[in-house]
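Each chain, letter by letter, is given below.
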Amino acid sequence: MTVTLTARGAAMLPLDEILAGDCIEVMNALPEASVDLIFADPPYNLQLKGELHRPDNSRVDAVDDAWDQFDSFKAYDQFTRAWLAAARRLLKPNGAIWVIGSYHNIFRVGATLQDQGFWILNDVVWRKSNPMPNFRGKRLTNAHETMIWASKSEGAKYTFNYEALKELNEGIQMRSDWVLPICSGHERLKDDQGEKAHPTQKPESLLHRVLVGSTNPGDVVLDPFFGTGTTGAVAKMLGRHYIGIEREESYRKVAAKRLGQVRRLDAAALETTLSKRAQPRVAFGQLVERGLLRPGEMLVNPRGMAAKVRVDGSLVSAEHRGSIHQVGAALENAPSCNGWTYWQFKRDGQLIPIDVLRQQIRAEMHD
Ligand SMILES: C[S@@+](CC[C@H](N)C(=O)[O-])C[C@H]1O[C@@H](n2cnc3c(N)ncnc32)[C@H](O)[C@@H]1O
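All values reported here derive from a predicted model rather than from experimental measurement.

(A) Quick look at the overall build of the protein chain. Of the regular secondary structure elements, the protein chain holds 12 helices and 14 strands. Burial statistics for the protein chain: of 367 residues in total, 44% are counted as buried. When the accessible surface of the protein chain is totalled, it reaches about 19800 Å², and 49% of it is carbon and sulfur. Across the protein chain, the mean location of the 46 positive side-chain charges is 4 Å away from that of the 44 negative side-chain charges.

The structure is reproduced here in structure tokens:
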């Protein structure tokens, strides 16, 4: 693997490239704290014993490749510790990692993540809507894989596009169980013989959700087990930079061809609903200072009860005084209240939510 060095000897970040070689060596040669997100789909260490057949005696194309073989759990753990340490060094302080795995490896990976100081944010169950049946009928159908999402350390300000994921989920908070089909049909890449190009190609829908939810356009996303380049393909489409690392030349070729065919979406398509926390804070008093609401003006709640705006941006009703949130909560006898969506003001005979004025100020801040 060759990593370009600058005149001062520092390694440059090879953006939008597929790097050849062992991911531990390659990652160790890249500059520290330079990557926003790592998505890793490491070898599962499936430990398959013998061939697997369907009831009609046809052979199941299971993962029995050399890259998935380890002599023992100890060897697998050593490998996991080494690649996770290399990955952690590459992450920016507020960076995060996703690791996908099955029951064969994900618990071992999870323990190592915690041992190394990563902070687990969620485990996501990817429930396969079309899983492969259990042909021998001796165990449950294995219908899911688990993804661990972790920040580099506790307290890191990791990226979470809460609103965008909620939007993807038709306005309902995104949960940690995702029902998505496995990769099949035209999405499944084929080799020159028309066979599956890779045994564990992941669906783009999975990466779409991961990247929309935990990265922003322009971010650098690294995948140390690139395979057919699913992470790179979705990252490129979504206007993120990718760095792929893959040891096998045949997979690198498939990935390079695939990436050449991906087109980046335009800026308008890439814009997502901003997370509330990411939006600039506007104090209610600013509406008064700016003359958008006048001191002495009445606000009305959904039940038609009124409160008067005071010069300092507080409200006073018949029995309560305080912020828009406090007076709203007191009138509702509730522990809390979002005053921005609760109160309305009157203009030309129409009732308008005060949040409209907050949006107006925010829009000016973005200009
Ligand atoms: C589970 S597959 C990833 C599949 C990929 N997510 C996709 O959608 O195509 C793991 C990949 O990691 C590669 N690999 C395994 N060990 C590696 C190592 N030490 N360094 C680099 N690549 C490795 C394998 O060749 C294999 O393609």
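(B) Looking closely at the sheet that holds strand β4 (residues 119-128). On the basis of which strands lie adjacent, the open sheet formed by eight strands has the order β1-β8-β7-β2-β3-β5-β4-β6 and mixed pairing. Each edge of the open sheet is held by one strand with a lone partner, namely β1 (17-20) and β6 (177-180). Mean inter-strand twist for the sheet, computed between neighbouring axes without regard to direction, equals 20°. Sheet topology places strand β2 (residues 35-40) next to strand β3 (residues 91-101); five bridges connect them, and they run parallel. The residue of β3 that forms the bridge with Phe39 is Trp98. Strands β2, β3 and β7 (220-223) of the sheet are contacted by helix α2 (residues 73-90), whose axis makes an angle of about 145° with β3. Along the sheet, helix α6 (residues 230-237) contacts β2, β7 and β8 (241-246); its crossing angle with β8, the most-contacted strand, is approximately 170°.

(C) Just the site of the ligand, in detail. The local shell around the ligand holds 22 residues, among which Asp22, Asp41, Thr228, Thr230 and Glu246 are the closest. Between the ligand and Lys202 there is a distance of 2.9 Å, counted from an oxygen atom to a backbone nitrogen or oxygen. Side-chain polar atom of Glu246 to an oxygen atom of the ligand: 2.6 Å apart, as the coordinates give it. Contact with the protein chains hides 99% of the accessible area of the ligand, taken as 600 Å² for the molecule alone. Along the lines of polarity and charge, the residues of the shell around the ligand split into nine nonpolar, seven polar and six charged.

(D) A look at the packing of aromatic side chains. As enumerated under the stated definition, the model contains 13 aromatic pairs in all. Between Phe70 and Phe79, the aromatic rings sit 5.2 Å apart at their centres with planes inclined by 40°, giving tilted as the arrangement. Under the relative-accessibility criterion, Phe70 is labelled partly exposed at 24%. Among the aromatic residues, those joined into a ring-pair cluster are Trp98, Trp149, Tyr158, Phe160, Tyr162 and Trp178. Lying over the aromatic face of Phe118, Arg88 brings its terminal NZ or CZ to 5.3 Å of the ring centre. Lying over the aromatic face of Trp126, Lys128 brings its terminal NZ or CZ to 5.1 Å of the ring centre.

(E) Local environment of the environment of Phe39. Note that Phe39 resides in strand β2. Residues Phe39 and Ser58, 19 residues apart in the sequence, show an inter-C-alpha distance of 34 Å.

(F) Region of the structure containing the nonpolar core. Core analysis: the largest hydrophobic core is formed by 32 residues, its most contacted members being Trp98, Met147, Trp178, Leu206, Val210 and Leu211. Discounting chain neighbours no more than four positions away, the residues touching Leu211 are Leu37, Val221, Thr231, Val234, Ala235, Leu238 and Arg240.

(G) Molecular detail of the pattern of salt bridges. Inspection of the entire model under this criterion finds 11 salt bridges. For the salt bridge of Asp77 with Arg108, the shortest nitrogen-to-oxygen distance reads 2.8 Å. Taken together, the residues span a long stretch of sequence, with Asp77 in helix α2 and Arg108 in helix α3 (residues 106-115) at a distance of 31 residues. Residue classification places Arg108 among the partly exposed residues on the basis of a relative accessible area of 28%.

(H) Quick look at the pairing of strand β5 (residues 144-151). In terms of residue burial, β5 counts as a mostly covered element, since seven of its eight residues are buried. Sheet topology note: the β3/β5 ladder contains six bridges and is antiparallel. Bridging from a neighbouring strand, Trp98 pairs with Trp149 of β5. By the bridge criterion, eight bridges tie β4 to β5 in an arrangement that is antiparallel. When the bridges of β5 are listed, Trp119 appears paired with Ser151.

(I) Structural context of helix α10 (residues 324-332). Along α10, the positions that sit buried rather than exposed are Ile324, Val327, Gly328, Ala329 and Leu331. Contacts from the buried residues of α10 go to α9 (284-289), β10 (306-309), β11 (315-316), β12 (321-322) and α11 (339-342). Positioned one or two residues after α10, Asn333 has a phi angle of 55°, which is positive.

(J) Representation of unusual backbone geometry in the model. A positive phi angle, near 55°, is found at Asn333, a position not held by glycine. Tracing the chain through its elements places Asn333 in the loop between α10 and α11. Exposure remark for Asn333: the relative accessible area of 73% places this residue in the exposed category. Phi at Asp348 is positive, roughly 50°, even though this residue is not glycine. Mapping Asp348 onto the fold places it in the loop between β13 (344-347) and β14 (350-353). Look at Asp348 and you get exposed, because its relative accessible area is 80%.

(K) Looking closely at helix α7 (residues 249-260). If you check α7, its first and last C-alpha atoms are 17 Å apart, about what 12 residues at 1.5 Å a residue would give, namely 16 Å. Turning to α7, its buried residues number three or more, namely Tyr251, Arg252, Ala255, Arg258 and Leu259. For α7, the angular spread of the buried residues around the axis is 130°, confining them to a single face. Every exposed residue of α7 that faces more than 90 degrees away from the buried side is listed here: Lys253, Lys257 and Gly260.

Here is what the cut-offs are and how they apply
- Residues numbered from 1 in each chain as written.
- Predicted model: local features only at pLDDT ≥ 70, side-chain atom pairs only at ≥ 80, totals over all residues.
- Heavy atoms only, no water.
- Helix = DSSP H or I, 4+ residues; strand = E, 2+ residues; numbered from the N terminus.
- Buried < 20%, exposed > 50% of the residue type's maximum accessible area, 1.4 Å probe, protein only.
- Areas by Shrake-Rupley, 256 points an atom, 1.4 Å probe, with all protein chains shown as cover.
- Lys, Arg positive; Asp, Glu negative; His and termini not counted.
- Charge placed at Lys NZ, Arg CZ, Asp CG, Glu CD.
- Pairing = 2+ DSSP bridges.
- Axes fitted to C-alpha atoms, helices over the stretch in contact; angles between N-to-C directions.
- Contact = heavy atoms within 4.5 Å.
- Near = heavy atom within 4 Å.
- Polar contact = N/O pair within 3.5 Å; in protein donor to acceptor, adjacent residues only side chain to side chain.
- Nonpolar A, V, L, I, M, F, W, Y, C, P; charged D, E, K, R; others polar.
- Phe/Tyr/Trp six-rings, centres within 6.5 Å; stacked < 30°, edge-to-face > 60°.
- Lys NZ or Arg CZ within 6 Å of the ring centre and 35° of its normal.
- Core = buried A, V, L, I, M, F, W, Y, C linked by side-chain atoms within 4.5 Å.
- Salt bridge = Lys/Arg side-chain N within 4 Å of Asp/Glu carboxyl O.
- Expected span 1.5 Å × (residues − 1).
- Arc of directions from axis to C-beta.

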